[in-house]
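# Examining the three-dimensional arrangement
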Amino acid sequence: MSSIELGDSIPSLTAHAVSMSLPTWTDNVDYEEGASRVMDKLPNGYPRFFIHRSIVAFADDIISRYSTSDRQAMLFPSSKTAQRCRTFIEAKAESGLAGEVKIIDLFLDKTREVSKIMAKISPSVSAVIFNKDLFPIAKQYWQHAGDGISSRHAEFCHSLFLDGRLADSTSPQPIINQKKGPKRYQAGSVYQAFSEENKVAPERVESTQFLEERFGRNLDISLVDNAKSAIRRRIAGSLVGEVDLAVEPSKTTSDSRGVKGLSDDDVYLYPCGMNSIFNTHRMLMECRGQLKSISFGFPYVDTLKILEKFGPGCLFYGHGSSEELDDLETRLKGGERYLALFCEFPGNPMLKCPDLKRIKKLADAYDFAVVVDETIGNSINVHVLPHADVVVSSLTKIFSGDCNVMGGSAILNPEGRYYQQLKSAFEADYEDNYWAEDVMFMERNSRDFVTRIKKINDNAEAICNVLQGHALVKEVYYPKYSPTRQFYDDCRTPAGGYGGLLSFTFHKKDHAVAFFDRIETAKGPSLGTNFTLTSPYVLLAHYREFDWAAGFGVPADLLRISVGVEDEEDLKSRFAIALEAAEAVGR
């Protein structure tokens, strides 16, 4: 991973990679400043922050056909998600400046013969078209909500669009004439576009072949649904390892998450982790009305933005301390009422844990929901569902591990006080926008989820030991060594470790820069990868608000390490070499 050049995808040669390489400290600064020397080299980036070029190309072609050059398009997987974006733009734009915000819905042209698998996947896209000067507002929605179309989805539908196989709502739609086998196997099909691009995009070969193996002429079209069921069962804890996707899965219940009666049907899949948080917040407001929420602990940036921008606002406790819980309890006793408390377990990047036992008692006493993001802790290490009404997670991270597909989940606690209300709301409103190809990659990637965790736990502790013993290192942040360790241990599973994410600081910024520039790992955004990934996290997440972050004890020069499954001794050697580079500063 150390040889990945500036702007290359992480992993290398991966068309739909989730991360991109920013190998030096200066590269990260210039990325935040929008310097052309960096931006011009980025074919992709973290998908909610960087709109993939496949999506941009499709949007541009939609504008060429349906609008004018002073307009821009943002693409969504359904009309409902597009309408939410339009509502957001119109609400946030200055009075009178929104202009016409138009939606074009494109779907499979049913006037032409359609294969069973194409009918099953039912490819469609909805474009929100707006004046170019409104792009920053539209981008806010894209980033915060996670509702946007995936790059695989865009690539697939773009080919259909160019082939004239996507129609808008003005086109007549007779009954589908289904043909045997996927359209990709027929001469002159839209999939010929893939074959030419395969020469330069290795993952597209993998993507096409991967789907062909499972959607071949003799395979049943229910495999996508079976793959979703397999993912839900893994999340619920009732499936470990391999599964035959050609076999219809039976419904299961499990208590392996620490609660009785958890069903696969209590797990909802989303295109990305932030989308699961966004929709959980929406569903809670559907159930309980327009109440403020509580953001407890230093948050992932977009979680706080969702609570602030999509509803009546939130009460923010950025330290996640016992003193802040005291303050919350005083407010509750004084009659204040809240929708829900949102927290991470543990938090990113300081790896502190909230006191879930106390939070749950307050929630029961004062009638608010608890939503816990378990992305960093993960279900193999901790069971947080007994203390929550909803547990959300970014499957993009360690559940996938391969850094080549997005995904998210929300789990309803069947023993939670709001379960029936939430279940009704989710069932009435849930829209399955998880693109079929992304589902297949996620199912494949997650098959060895359980076995990867122990190796990652062990490697992370080994790296902590290397860093803690070094004179230049000021502090190491990791759940095992945190002042909130007891709260972590309260939820730790019998065989659980302390996770694969750690952060640390040096006494001097120069040492941090020298270490980062020298460390031989992948370097870019995201976490939970099967390979070790180093990031100057605060630089990327809070570049314009260093003082704000510092006010909550989060230093600007912090380095965050997402530890992978590499050989432990090799990893320790790489870190020792980078520490030597830090030692050389000022000699």
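All of these numbers come straight from a predicted model, not from anything done at the bench. (Residues numbered from 1 in each chain as written. Predicted model: local features only at pLDDT ≥ 70, side-chain atom pairs only at ≥ 80, totals over all residues. Heavy atoms only, no water.)

## Focus on the packing of aromatic side chains
How we decide: Any pair of Phe, Tyr and Trp rings, taking the six-membered ring for Trp, is counted once the centres come within 6.5 Å. Such a pair is stacked with planes under 30 degrees apart, edge-to-face with planes over 60 apart, and tilted for the rest. Segments assigned H or I by DSSP are reported as helices when at least four residues long, segments assigned E as strands when at least two residues long, and all are numbered from the N terminus. Classification of residues uses two cut-offs on accessible area relative to the type maximum, computed with a 1.4 Å probe and protein chains only: under 20% is buried, over 50% is exposed, and between them is partly exposed.
This structure, assessed with the given rule, holds 30 aromatic pairs. Aromatic side chains Phe316 and Trp548 sit 5.9 Å apart centroid to centroid with 20° between the ring planes, which places their arrangement in the stacked category. Separated by 232 residues along the polypeptide, Phe316 in strand E13 (residues 314–317) and Trp548 in helix H21 (residues 546–550) bring together distant segments of the chain. Judged by its relative accessible area of 23%, Phe316 falls in the partly exposed class.

## Brief notes about the pattern of salt bridges
The condition that has to hold: A pair is scored as a salt bridge if a Lys or Arg side-chain nitrogen falls within 4 Å of a carboxyl oxygen belonging to Asp or Glu.
Counted according to the given criterion, the structure contains 32 salt bridges. Glu443 is paired through a salt bridge with Arg234; the nearest N and O atoms lie 2.9 Å apart. Residue Glu443 is found in helix H16 (residues 436–445), and its partner Arg234 is found in helix H10 (residues 223–236); the two are separated by 209 residues along the sequence. In this structure Glu443 comes out as buried when scored by relative accessible area, which is 0%.

## Section: the confidence of the model for the protein chain
What counts is decided by this rule: The predictor attaches a confidence to each residue, called pLDDT, with possible values from 0 through 100. Whether two residues touch is decided by their heavy atoms; if any such pair falls within 4.5 Å, the residues are in contact.
The predicted model of the protein chain has a mean per-residue pLDDT of 89, with 90% of residues at 70 or higher. Long-range and interchain partners of residues 172–221, a stretch whose pLDDT sits below 50, account for 96 contacts in this model, where long-range means more than four residues apart.

## Looking at the environment of Val114
Note that Val114 resides in strand E5 (residues 114–115). Looking at Val114, the relative accessible area reads 0%, which means it is buried.

## A word on the sheet that holds strand E7 (residues 166–168)
To be explicit about the condition: Two strands are said to pair when DSSP picks up at least two bridges between them. Inter-axis angles, ranging from 0 to 180 degrees, are taken between N-to-C directions of lines fitted to C-alpha atoms, where helices are fitted over the stretch in contact.
The strand order across the open sheet formed by four strands is E3-E6-E4-E7, and the pairing between neighbours is antiparallel. The sheet is open, and its two borders are formed by strand E3 (71–76) and E7, each paired with just one other strand. Between one strand and the next, the sheet's axes are offset by a mean angle of 30°, whatever the strand orientation. Two elements, E3 and strand E6 (residues 124–131), share six bridges in a ladder whose sense is antiparallel. When the bridges of E6 are listed, Arg71 appears paired with Asn131. In the packing of helix H6 (residues 135–145) onto the sheet, the strands contacted are E3 and E6, and the crossing angle to E3 comes to about 5°.

## Quick notes on the packing of H10 against H16
Spelled out, the test is: We call two directions roughly parallel when the angle between them is under 35 degrees, roughly antiparallel when it is over 145, roughly perpendicular when it lies between 65 and 115, and oblique otherwise. A crossing counts as left-handed when the near helix is turned anticlockwise from the far one by less than a right angle, and as right-handed when that turn is clockwise. When residues are sorted by character, Ala, Val, Leu, Ile, Met, Phe, Trp, Tyr, Cys and Pro go into the nonpolar class, Asp, Glu, Lys and Arg into the charged class, and all the rest, Gly among them, into the polar class.
Contact geometry of H10 with H16 gives a least axis separation of 9 Å together with a crossing angle of 45°. Considering the angle they form, H10 stands oblique to H16. Crossing of H10 over H16 shows left-handed handedness. Of H16, the residues touching H10 (which contributes Leu223, Val224, Ala227, Lys228, Ala230, Ile231 and Arg234) are Ala436, Val439, Met440, Met442 and Glu443. Class assignment of the residues belonging to the contact of H10 with H16 gives a composition of nine nonpolar, no polar and three charged.

## A closer look at the side chain of Arg282
How we decide: Contacts described as polar in this section are N or O atom pairs within 3.5 Å, which, within protein, must combine one atom able to donate a hydrogen with one able to accept it, while residues neighboring in sequence count only if both atoms come from side chains.
Locating Arg282 in the fold gives a position in helix H11 (residues 273–288). One polar contact links Arg282 to Asp429, side chain to side chain, over a distance of 2.6 Å. Sequence-distant contacts of Arg282, defined by excluding residues within four places in its chain, comprise Arg84 and Asp429.

## Comments concerning the environment of His470
Mapping His470 onto the fold places it in the loop between helix H17 (449–468) and strand E18 (473–477). Linking His470 and Leu579, residues 109 residues apart in sequence, is a C-alpha distance of 8.2 Å. Aside from chain neighbours lying at most four places away, what touches His470 is Leu579 and Glu583.

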